[in-house]
Amino acid sequence: MSGLSRRAFLFATATASGALLVSWKFARADQPLPYRGARDEAQALGDFVRIEANGDVVIGARGCEIGQGVKTSLPMLIAEELDVGWERVRVEQLPYGYVETDKGPSNRYGGQGAGGSDNIPSGWKDLRQAGAVARWLLVQAAAARWDLPAAQLRTQSGAVIAPDARRLGYGELAAEAAALDLPKDPVPLKTPDQFSIIGKPTRTVDGEAIVTGRAQFGIDAYFTNTLFAVMLRCPHLDGGIEKVDDSEARKVPGVKDVIVIEGPKAGEPIDGVLASGVAVLADSTWAALKGRAKLKVEWTEGPWAGESTSALAAKAQELLDKNEGAVPVRNDGDFVKTRKQAPIHVEARYEMPFLAHATMEPPGAQISIEKDKAVLIASLQSPSGASQIISNLTGIPRKDIEIRLTRSGGGFGRRLKNDFVAEATLIAKAAGKPVKLIWTREDDLQHDFFRPFGVHAMSAALDKKKKIVGWSHRCAATPRNYRDRGMTEGKRPLYVGCIEPDDFPAGLVANLEKTFFPIASGMPRGWWRGPIHTFHAFAVQSFIDEIAIATKQDAVQLRLDLLGPPRRMKYEDSDQPGFDTGRLAGVLQLAADKIGWKDKRSDGHGLGIACHFTFGGYAAHAFEVSVEGSELLIHRAVCAVDVGRVVNPLGVEAQMMGGTLDGISTAMNLAITLKDGQVQQRNFTDYPLMRMAQSPQSVEVHIVESTEEPSGAGEIGVPSAAPALANAIYAATTVRVRKLPLLAELKRML
Amino acid sequence: MPDTPTRASKTPLPPASAGAENKAEEVQINGRPYYPGGDPDMPLLWYLRDVLRLTGTKFGCGIGACGACTVLIDGKAQRACVTPVKATMGHAVTTIEGLATDAGLHPLQRAWIEEDVAQCGYCQAGQIMAAAELLARTPNPGDDDIAKIPNLCRCGTYPRIRRAIKRAAQIAREGSK
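Report on the accompanying structure. All residue numbers refer to positions counted from 1 along the written sequence of the respective chain. Just so you know, chain letters begin at A and ligand numbers begin at 1, following the order they were written in. With the structure being a predicted model, the display of local features is reserved for residues of pLDDT at least 70 and the display and counting of side-chain atom pairs for 80 or more, all residues being used for whole-chain, interface and lining totals. As a rule here, side-chain values cover all heavy atoms of the structure and leave hydrogens and water aside.

Attention now goes to the overall build of chain B. Working definition: helices are DSSP H or I runs of at least four residues, strands are E runs of at least two. Numbering for both runs from the N terminus. For chain B, the helix and strand inventory stands at 6 helices and 5 strands. When the elements of chain B are put in sequence order from the N terminus, they spell out β-β-α-β-β-α-β-α-α-α-α. Only heavy atoms matter for contacts: two residues are in contact if any of them lie within 4.5 Å across the pair. Once local pairs closer than 6 in sequence are excluded, the contacts in chain B between residues at least 24 apart make up 56%. For the accessible areas, the method is Shrake-Rupley and the probe is 1.4 Å, while residue cover comes only from the protein chains on display. Surface exposure of chain B reaches about 6,400 Å², of which carbon and sulfur atoms provide 51%.

Below, the structure written as structure tokens:
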């Protein structure tokens, strides 16, 4: 170094390549995980709890934190039963816990994916027990120390207390407790009156890390000597690669390699990569992007070259008009006959666009593959799926694949797929080096597993007392169930993901038919937050409103009449204990009361309301809006929710606020359209998420106090928001929007 | 440990140079001088992330449309994804990592924690940097001022962002009394 000035050295280092700089101490990806959570670690009490000598409690967070708050709420469940003060708790993210047992593959931490709003319900079952077991071990250790029966001891806020008021802090007992055998049977849990953490508003555990820029997301991890990769993917659905000229790309300084990745064959399951493409590997993201811009690739167009959303819409209308080729979904009584005899008919059709997930952190993955082991760091929703894919593509046994979980910059269902993990795996395998794969926003909007496109045809028959006696819901859509090995092997019906047999008002109207008309399409489809329910609730809850208006009935009362007396009804595809009509009526009434449903509005203001049940939770939305010129003004947004017992009220409020805004942002602004077999949207400029100026000032969230089993809150905030907004727009303007995105349609109709 | 906080003051920083060099080739980042080599067209975003490993500044769109990469350049909120490194030479860049001082967290950071703004958290560094410019310019911002912040939040945290900015303004006022 002596011959070089300090400045010259810095120049030299930076110029040579980004990779050189990695050896500075920021390659956090290469640091060992401090938390192993295993029994072999001193002071570890089971897989989730470790107690430091000073009494600090470290709790492992098993879930994928995608913004739904599970890194806070799941450890709360453990801390509650452990009986410690939350202020003494430090939360650490657990890695994916794949283990092999005598009975086959398992997960030492239980379920770790993020889907189906399932984290809280499943954690309620097993994580409280994990906390209680750790507490049990500490009590046993104290009993041995004092030579007292364990039954005489109690715990309070991180200490075991003897009948004579002697105390031992958990930290003093941890080493002894860790040496004990785990109990053979489940240990008793607290009763709710003993809760001191569950039900208390609790801020996100990563609050300070996030606001100081230290929180780590998948994209923030760097392996030493990593190559940076971006891909140019085929823009044609099921298209392929005819010819690649990478000569110019390879000349870009910093570009190290160019690799061709084969996509899935047309018609075959999409369970690896999503599309054919060409990867450019470089020593920085920027060099890779510059290299990609210099690629010359000739694509083959594939079988869907002519596909367009306008043609899909026409096809949907045609199928519904002809009413042929329907897949039955549900059939109660005789709708056709009822309709023929009924004096009052109401009909309407609603069109739903394809949607992209547009997570703020685009897909991507960091992976290091050696001969017989691999390490993945990525923002995920399905670590088990990622593990399976890496194993499939490399032959490395799943037990030798380490997956480190990070915060994810949003999920919304996008990361239930692991196509980006598959790409990174194939690239790293070919390159023989660790790879950091970055997706640009353009990549993300063009290559998603989109929410299906479809048209809902609704028809209602009413008797002369204006009671709904017949209900028909026919849905023509590109099936969600598309080239998905899991769904095909499970022989799930084609309609799954587009229309629910048991959804409202099934079971409440004597003569009810639901049918499904599949439309062929090459668009990859997937789960989009709330999945099925954001797709059909808009139609159902808009239509109820239309019936009320057409027959001059109150829109709240009509729904309450349909729901009838409180009772529990069967609901398939849900682990929750069915659908409780009383709880749905409860949130509907609460939202109506809070918005002042019965109060007269003037000045062109209109009120709209809607409600929905899914994943064990109940929500209702009410909006007060006006339309000035062609500008929609949202004066008030009310959301009432019943998710049973609330673990973290601050978290539920956040999810309902966010779900509401997601619901209306999407309904107002967003659509993915196809032309000539290609997605037309490129970036946020033509996929314009709501910004601050368009957002209501606040979302008034009202949470029903409940002692029912808790359900998840990540998705129930979305489905009823859009129809409530459309209903409010009708009330303000008498313009009925039946096609999304709403603002474009409103502008057209005004 | 991927994401357990370490104190900001302990966050390792790349070696800063002595600073006796040509100021025109120097960029101040969080108060320290750097002399970026390599491709002068590299956007500041990738220089911060891939080279300096200051990963608090996030990639969201690459075209200056979402604000996830917002940093302050000479106190003005700018999009690092469309700002070439060469354009920052001779200027002072503040990233989210440089917002706190020895005196503690910035009022916005405190308010963000207190209002529990973040959901996924990915856009929040950019939101805070955009709000930092606003507060510096308008110490007592109204709703209309706040509504001008154009940054995207996919989780829908806008109402809490509003509250946090107002709370930060209050913290700053009380702190300066």
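Moving on, we get to the state of the cysteines. Formally, a disulfide is one covalent bond, and it connects the sulfur atom of one cysteine to the sulfur atom of another. Residue and element names in this part refer to chain A. Disulfides are defined as pairs of cysteine sulfur atoms found within 2.5 Å of each other. Enumeration according to the criterion identifies 0 disulfides over all chains in this entry. Left without a disulfide partner, Cys498 is nearest to the cysteine sulfur of Cys475, which lies 5.2 Å away. Cysteine Cys639 is unpaired, with the sulfur of Cys611 as its nearest cysteine sulfur at 12 Å. Overall, Cys639 belongs to the buried group, its relative accessible area being 0%. Residue exposure (1.4 Å probe, protein chains only): buried if accessible area is under 20% of the type maximum, exposed if over 50%, otherwise partly exposed.

Going from A:Phe504 to A:Pro505, the amide bond is cis rather than trans, its omega being 5 degrees. Positionally, A:Pro505 belongs in the loop between helix H14 (485-489) and strand S22 (511-518). Following A:Leu740, the chain continues to A:Pro741 via a peptide bond in cis, the omega torsion being 5 degrees. Among the structural elements, A:Pro741 can be located in the loop between helix H19 (721-733) and helix H20 (742-749). Of note in the backbone geometry, A:Asp147 takes a positive phi value of approximately 55 degrees without being a glycine. Topologically, A:Asp147 is positioned in the loop between helix H4 (119-146) and strand S6 (154-156). On the accessibility criterion, A:Asp147 (69% relative accessible area) is exposed. Even without being glycine, B:Arg53 reaches a positive phi, approximately 60 degrees. By the secondary structure assignment, B:Arg53 is in the loop between helix H1 (44-51) and strand S3 (70-73). Judged by relative accessible area, which is 6%, B:Arg53 ranks as buried.

We now examine the sheet that holds strand S7 (residues 159-161) of chain A. Backbone hydrogen bonds are what pair the strands of a sheet, in a parallel or an antiparallel way. Residues and elements named next belong to chain A. Reading across the sheet, the 3 strands line up as S6-S7-S8 and stay open at both edges, with antiparallel pairing between neighbours. Either end of the sheet is taken by a strand with one partner, and the two such strands are S6 and strand S8 (167-169). Shown here is a sheet whose adjacent strand axes are inclined to one another by a mean of 30 degrees, direction ignored. Should DSSP find at least two bridges between two strands, the strands are taken to pair. Strand direction decides the pairing type here: S7 and S8, joined by 3 bridges, are antiparallel. Residue pairing in the sheet places Ala159 in a bridge with Gly169 of S8. Only C-alpha atoms enter the line fits that serve as axes; for helices the fit covers just the stretch in contact. Angles between N-to-C directions range over 0 to 180 degrees. Its contacts with the sheet place H4 against S6, S7 and S8, and it is angled at close to 50 degrees to S7.

Residues and elements named next belong to chain A. The element strand S17 (residues 374-378) is largely enclosed, with a buried count of 5 among its 5 residues. Examined bridge by bridge, strand S16 (residues 364-369) and S17 share 4 bridges and lie antiparallel to one another. Within the sheet, the bridge partner assigned to Ile367 lies in S17 and is Leu376. The hairpin formed by S16 and S17 contains 4 residues between the paired strands. Looking at chain direction, S17 and strand S18 (residues 401-405) are connected through 5 bridges and run parallel. Its bridge partner being in S18, Ala374 is matched across the sheet by Ile401.

So, on to the packing of aromatic side chains. Residue and element names in this part refer to chain A. Two rings belonging to Phe, Tyr or Trp (six-membered ring only in the last case) form a pair when the distance between their centres is within 6.5 Å. Interplanar angles under 30 degrees mark stacking, angles over 60 mark edge-to-face geometry, and anything in between is tilted. The full count for this structure, using the stated rule, is 13 aromatic pairs over all chains. Plain terms: the ring middles of Phe579 and Phe613 are 5.1 Å apart, the flat faces sit at 40 degrees to each other, and that makes the pair tilted. A residue pair is termed long-range when its members are at least 10 positions apart, and Phe579 in strand S24 (residues 579-580) and Phe613 in strand S25 (residues 606-614) qualify at 34 residues. For Phe579, a relative accessible area of 3% puts it in the buried group. By relative accessible area, which is 3% here, Phe613 ends up buried. Pairing Phe613 with Tyr618 gives two aromatic rings, centres 4.8 Å apart and planes at 40 degrees, and the pair type is tilted. Here Phe613 and Tyr618 have matching classes, each one buried. Here, a charge over a ring means that NZ of Lys or CZ of Arg falls within 6 Å of the ring centre while also lying within 35 degrees of the ring normal. Residue placement shows Lys417 over the ring face of Phe449; its charged tip is 4.9 Å from the ring centre.

In this section: the sheet that holds strand S30 (residues 700-703) of chain A. Residue and element names in this part refer to chain A. The mixed open sheet is built from 4 strands, whose spatial order is S25-S26-S27-S30. The sheet terminates laterally at S25 and S30, the two strands that pair on one side only. Across the sheet, the mean angle from the axis of one strand to that of its neighbour is 15 degrees, orientation sign disregarded. Bridge count between strand S27 (residues 631-642) and S30: 4 bridges; the pairing is parallel. Its bridge partner lying in S30, Val638 is registered against Glu700.

Turning our attention to the nonpolar core. Core analysis: the biggest nonpolar cluster contains 202 residues, and A:Trp471, A:Leu725, B:Trp112 and B:Ile165 have the highest contact counts within it. Other than its neighbours up to four places away in sequence, B:Ile165 contacts B:Leu108, B:Trp112, B:Ala131, B:Leu134, B:Leu135, B:Pro141, B:Ile146 and B:Ile149. Among the buried residues, those of types Ala, Val, Leu, Ile, Met, Phe, Trp, Tyr and Cys that are joined through side-chain atoms within 4.5 Å form a nonpolar core. A:Val57, A:Val89, A:Ala178 and A:Phe195 belong to the second-largest nonpolar core, a separate cluster that totals 47 residues.

All right, on to empty space enclosed by the protein then. All names here are of chain A. Within this scheme a cavity is a closed region of a 1 Å grid, computed over the protein atoms alone, that accommodates a 1.4 Å probe without allowing it to escape, whereas a pocket is open but has protein on both sides within 12 Å along at least five of seven lines; lining residues each have an atom within 4 Å of a point. Grid points are joined across faces, edges and corners, and a volume is the space filled by probe spheres set on the points. This model, assessed by the stated rule, comprises 8 cavities of 30 Å³ or more. There is about 130 Å³ of room inside the largest cavity. Taken together, 18 residues form the lining of the largest cavity, with Arg451, Thr534, Gly663, Ala667 and Ala722 sitting closest to its centre. Contributing elements (two or more residues each) for the lining of the largest cavity: helix H15 (531-550), helix H18 (649-669) and H19. For the lining of the largest cavity, the element with the most residues is H18, which contributes 4 residues.

This part covers the side chain of A:Arg404. Residues and elements named next belong to chain A. Within the element layout of this structure, Arg404 appears in strand S18. For Arg404, a relative accessible area of 9% translates into the label buried. Polar contact is the term for a pair of N or O atoms within 3.5 Å; when the atoms are in protein, one must be able to donate a hydrogen and the other to accept it, and sequence-neighboring residues count only if both atoms are side-chain atoms. A polar contact is formed between the side chain of Arg404 and the side chain of Glu402, at a distance of 2.7 Å.

This paragraph deals with the environment of A:Leu632. Residue and element names in this part refer to chain A. Residue position: Leu632 is located in strand S27. For Leu632 and Ile609, which are 23 residues apart along the polypeptide, the C-alpha to C-alpha distance reads 17 Å. Residues in contact with Leu632, not counting those within four places in the same chain, are Val625, Ser626, Val627, Met668, Leu725, Ile729 and Leu743.

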